[in-house]
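# Fold and geometry: a report
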Amino acid sequence: MSGLSELSILPQVLIDGLTLGFIYAVVAVGYTMVYGILKLVNFAHGEIFMIGAFAGTEVLLALQRFGIVDGVNPYVSLLIAILIASLLSGFIGVGIEYAAYRPIRGVPTLILFITAIGLSFILQDLVRMVVGLAKGTYLVNGVELFSGSFAIGGSAVITEKAIVIIAATLIIMIGMELFVKKSKWGIAIRAVSQDPSTASLMRININKVIALTFFVGSAIGGATGVLYAQYYSTITPYIGFLLGMKALTAAILGGIGNIRGAMLGGVLLGLLESLGTAYIGPLTGGAIGAEYKDVFAFSVLILVLLFKPAGLLGKAVKEKV
Amino acid sequence: MKKMNSLAILTLGFSVMLTACGGSNGNSASSGTASPAAASSSSSGEALPVIKLATQTALSGANAEMGIDVKNGVELAVEENVERFKSLGFDLQLLSLDDKSDAMTGTTNAKSLVNDKDVLVELGNIYSSVLFAAMPIYEEANLPVISAATTNPGLSREGWKTFHRVSGTDDTQGPDAAQFIFDEGIKDIFIVASSDDYGRGLADEFRKKADELGMDVLGNEQVDPQETDFNTISTRIVASGAKAVFFGGFYAQGGQFLKQLSDKKYSGMFVSGDGINDNGFLETARAENVGNVYFASVVGDLLNDPEGQVWAAKYRAAFGKDPGAFGVYAYDSALIALSSIEKAISDNGGGKPTREQVNDIISLTSGFEGILSKVTFDEKGDNVDATNFIKTFKSGTYPAEQIKAME
């Protein structure tokens, strides 16, 4: 392949990487928020994202059956799907916290981790069973709301889908920033993350704050699931697992507990994957193929962590004695 | 608040229970199909010796439609012959297991199959990777295997005496696809292969022929079988100017690949093998994108064949849906198995034959004519009478249209 054609696809590759990266970013925020407040990695978060994807898809399929999708503006249909999916995901998140994590709060973190992993598997198979009963296979093809595209200079094409996803995730991330920095509850969340005992002395209801954190984190995860379903058009109960792992890694890369770090880490990871797929093959003359893109992306991540163990935006936390 | 929380706990607990029940169902035999035969034998007052045909195929998972279709083909053959075998003094049953397209599950299932002494033949099999893993177990137990759809050529090169297949192989499917593209006047191609045994094997055979024909391979990439993101690969393909893309893999992944290719405004040919020969491909890729899809197939034209139409009607009556690509080949391989078992019974003076006896007779199958297949096994277990066809989804509906037969 000539060097020229390799460079010419760069804008497109970057756009694809950004779109994927923004998806990772929002899911990473969900992980980082829960970690910040409970020092717990909620492994089931990837599955909440997946449940959001299924909920949104089912809503759209139902809307389509009633002819609503063709009748109204696709943005309205998307909004309906996102609202329902995020509410559902939010409540499931809160339910998980109350039923699985709260009763064992205070036990060694390892036990919490294993509970979370177990929950992750339960949710995957639960969704698979439900979908399998209805359909025979667990693959669900969704409703495509946006099929337009725009050419932007050279051979780069940006699809309407990508624009919607980038816009929506940006709105979510800006909303999160404002919520956490400016709103009363957001400040409460930060307070509890920093120092739970002192926060409770300030009459902050710890349990309510934790429940809210789970709700918000899960809701945005679910909303992103709907966007993911729009991007790839086809979903399975297992999309949450690998994506969740990657988003978690992105959150760690950015500094676990730091929301802006999670966003940065997510975007970075998406770009690395996209660049890897595009250029590993041509650069190594075919010796290493695109199937190693994950190896490439994670290697870079490991390298960063070697030099900055607290993550890109993380700060080493001083232990107050 | 308290009420809502205990509700949450109940829901969680209930779902755990459901999963536990659901999980244990995943791997067990579909005893539902065995009961009609079992019921008829118990009504005769004494338990007849049991002969079982076993199938191991993907009954759940992304490619389940293909697997269920194959199991149904065998089931049809079994149901039609239950009475015949009763008159010979045997209770004919079907034992069907779910390999979930996973080699580890396939191996575990294989072990339980060979331990069931009533199982005389193993049929079904759509996933070459799973069969590769399970074959050593079958071979060691002398359990004959007749495969309808596993096309990886390596399967017949291991020297397994119990391996037989009625379908063609990728080492003809791949080259035929390349020849077809070349005959259409296209030289610039891009190859993408799923890294499982089927996808990679098919793409390798395709590549060899493409190089031989002097085609310009602009890119050759492998992807993980679970990969769903093809955006960047599609960008590369469109930028490379390739006029044909060859995909080695199954329909769930192939469908997503084509969908994303189409989103990137790719308008060339999309060529593959039988892995995409399923309605699921059309659903996932969306019908408007499959106009330029062609694939090499070992599957003949069922609905344009008079015998095939009769059989398809039988299938529809039994299962309430149209047969897929491989159901009829599974049916034909079951017929081979059953007639071989019958011959073994008579050779054995009416007694239950051993697996070796059945295997020997199966291996000698020559000039067998099934609904759609002609079968003569060579000493490696391959079907020398298998033909390849080129089909297309031009019409946007399933089943595909056959446009050519390659000799």
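Residues numbered from 1 in each chain as written. Chains lettered and ligands numbered in written order. Predicted model: local features only at pLDDT ≥ 70, side-chain atom pairs only at ≥ 80, totals over all residues.

### Here's the deal with the domain arrangement of chain B
Residues and elements named next belong to chain B. For chain B, the domain assignment lists domain 1 (48-168 + 307-376) and domain 2 (171-297 + 389-406). On a C-alpha basis, the centroid separation for the pair domain 1 and domain 2 is 29 Å. Every contact between the two is made by 15 residues of domain 1 and, on the other side, 15 residues of domain 2. Sort the elements by how many residues they give to the side of domain 1 that touches domain 2 and helix α5 (residues 128-140) lands first, with 3 residues. (Domains from an automatic or database assignment. Contact = placed C-beta atoms within 7 Å. Helix = DSSP H or I, 4+ residues; strand = E, 2+ residues; numbered from the N terminus.)

### So, helix α8 (residues 231-240) of chain B
All names here are of chain B. Most of α8 is tucked away: 10 of the 10 residues are buried. Every buried residue belonging to α8 is among N231, T232, I233, S234, T235, R236, I237, V238, A239 and S240, and all of these are buried. Once α8 finishes, G241 follows within two positions and takes phi at roughly 80 degrees, a positive value. (Buried ≥ 20, exposed ≤ 12 C-beta atoms within 10 Å, placed from the backbone.)

### Notes on the sheet that holds strand β3 (residues 119-124) of chain B
All names here are of chain B. Strand order in the open sheet formed by 5 strands is β2-β1-β3-β4-β5, and the pairing between neighbours is parallel. On the outer flanks of this sheet lie β2 (91-98) and β5 (163-165), each paired with one strand and no other. Between one strand and the next, the sheet's axes are offset by a mean angle of 25 degrees, whatever the strand orientation. Pairing of strand β1 (residues 50-57) with β2, which is carried by 8 bridges, proceeds in the parallel orientation. Considered in β2, the bridge of T57 is made with D98. Along the sheet, helix α4 (residues 103-115) contacts β1, β2 and β3; its crossing angle with β1, the most-contacted strand, is approximately 175 degrees. Of the strands in this sheet, β1, β3, β4 (145-147) and β5 touch α5, which is tilted by about 160 degrees from β4. (Pairing = 2+ DSSP bridges. Axes fitted to C-alpha atoms, helices over the stretch in contact; angles between N-to-C directions.)

### What to know about the interface of chain A and chain B
The interface is formed by 37 residues belonging to chain A together with 43 residues belonging to chain B. Elements with a contribution of two residues or more to the side of chain A that touches chain B: α1 (3-8), α2 (10-38), α5 (74-101), α6 (109-135), β3 (157-159) and α12 (259-283) of chain A. Here the side of chain A that touches chain B gets 5 residues from one element, more than from any other, and that element is α6 of chain A. In terms of residue class, the side of chain A that touches chain B is built from 16 nonpolar, 18 polar and 3 charged. (Nonpolar A, V, L, I, M, F, W, Y, C, P; charged D, E, K, R; others polar.)

### Some thoughts on the packing of helix α11 (residues 239-254) of chain A against α12 of chain A
Residues and elements named next belong to chain A. Remark: α11 packs on α12, axes separated minimally by 7 Å, with the N-to-C direction vectors making an angle of 120 degrees. Judged on the interaxial angle alone, α12 and α11 are oblique. Crossing hand, α11 versus α12: right-handed. Residues K246, A247, T249, A250, A251, L253 and G254 of α11 form the contact with α12, whose own contacting residues are G261, A262, L264, G265, G266, L268 and L269. Of the residues in the contact of α11 with α12, the class split is 8 nonpolar, 5 polar and 1 charged. (Parallel < 35°, antiparallel > 145°, perpendicular 65-115°, else oblique. Left-handed = near helix turned anticlockwise from the far one by under 90°.)

### Observations concerning the sheet that holds strand β9 (residues 269-272) of chain B
Sheets are built from strands paired through backbone hydrogen bonds, the pairs being either parallel or antiparallel. Residues and elements named next belong to chain B. Taken together, 7 strands build an open sheet; the order of strands is β7-β6-β8-β9-β10-β13-β14 and the sheet is mixed. Where the open sheet ends on each side, the last strands, each with one partner, are β7 (216-223) and β14 (401-406). When strand polarity is set aside, the average angle formed by the axes of neighbouring strands in this sheet is 20 degrees. In terms of strand pairing, strand β8 (residues 244-248) meets β9 through 3 bridges, oriented parallel. Across the sheet, residue A244 finds its bridge partner in β9, namely M269.

### Observations concerning helix α3 (residues 64-87) of chain B
Residues and elements named next belong to chain B. For α3, which comprises 24 residues, the first-to-last C-alpha distance of 35 Å matches the rise-based estimate of 34 Å (1.5 Å per residue) to within 8%. Bending of α3 peaks at approximately 45 degrees at the position of N81. A large share of α3 lies buried, amounting to 17 of its 24 residues. The first or second residue beyond α3 is G89, which carries a positive phi of 95 degrees. (Expected span 1.5 Å × (residues − 1). Bend = angle between axes of the 7 residues up to and from the residue.)

### Points about the pairing of β3 of chain B
Residues and elements named next belong to chain B. Counted residue by residue, β3 has 6 buried out of 6 residues, so it is predominantly covered. Of the strand pairs in this sheet, β1 and β3 are connected by 5 bridges, and their pairing is parallel. Within β3, the position partnered with A54 by the bridge is E122. Bridge count for β3 against β4 is 3 bridges, and the pairing is parallel.

### Section: the confidence of the model for chain B
All names here are of chain B. Scored by pLDDT, chain B comes out at a mean of 85, with 88% of its residues at no less than 70. Summarising per-element confidence for chain B, the mean pLDDT is lowest in helix α2 (residues 31-43) (39) and highest in β8 (95). Contacts from residues 18-45, a stretch scored under 50 in pLDDT, to residues over four places away or in other chains number 32 contacts. Model confidence for the complex is summarised by a pTM of 0.79, with the ipTM given as 0.84. (pLDDT = per-residue confidence, 0-100.)

### Points about the environment of A296 of chain B
All names here are of chain B. Relative to the elements of secondary structure, A296 occurs in strand β10 (residues 293-297). Under the C-beta neighbour-count criterion, A296 is labelled buried, with 30 such atoms within 10 Å. Remark: the alpha-carbon pair of A296 and K404, spanning 108 residues in sequence, is separated by 9.5 Å. Setting aside anything within four residues of it in sequence, one finds A296 in contact with Q173, D176, A177, F180, G273, N388 and I390.

### A closer look at unusual backbone geometry
When glycine is set aside, most residues are seen to have a negative phi, and most peptide bonds are trans. Residues and elements named next belong to chain B. Residue P399 follows Y398 across a cis peptide bond; omega there is 0 degrees. As for its position among the elements, P399 is in the loop between β13 (388-392) and β14. Positive phi outside glycine occurs at K100, with the angle close to 55 degrees. As for its placement among the helices and strands, K100 is situated in the loop between β2 and α4. In this structure K100 comes out as buried when scored by C-beta crowding, with 23 C-beta atoms within 10 Å. Of note, the phi angle at S101 is positive, near 60 degrees, even though the residue is not glycine. Within the secondary structure, S101 is located in the loop between β2 and α4. The class for S101 is buried, based on 25 C-beta atoms found within 10 Å.

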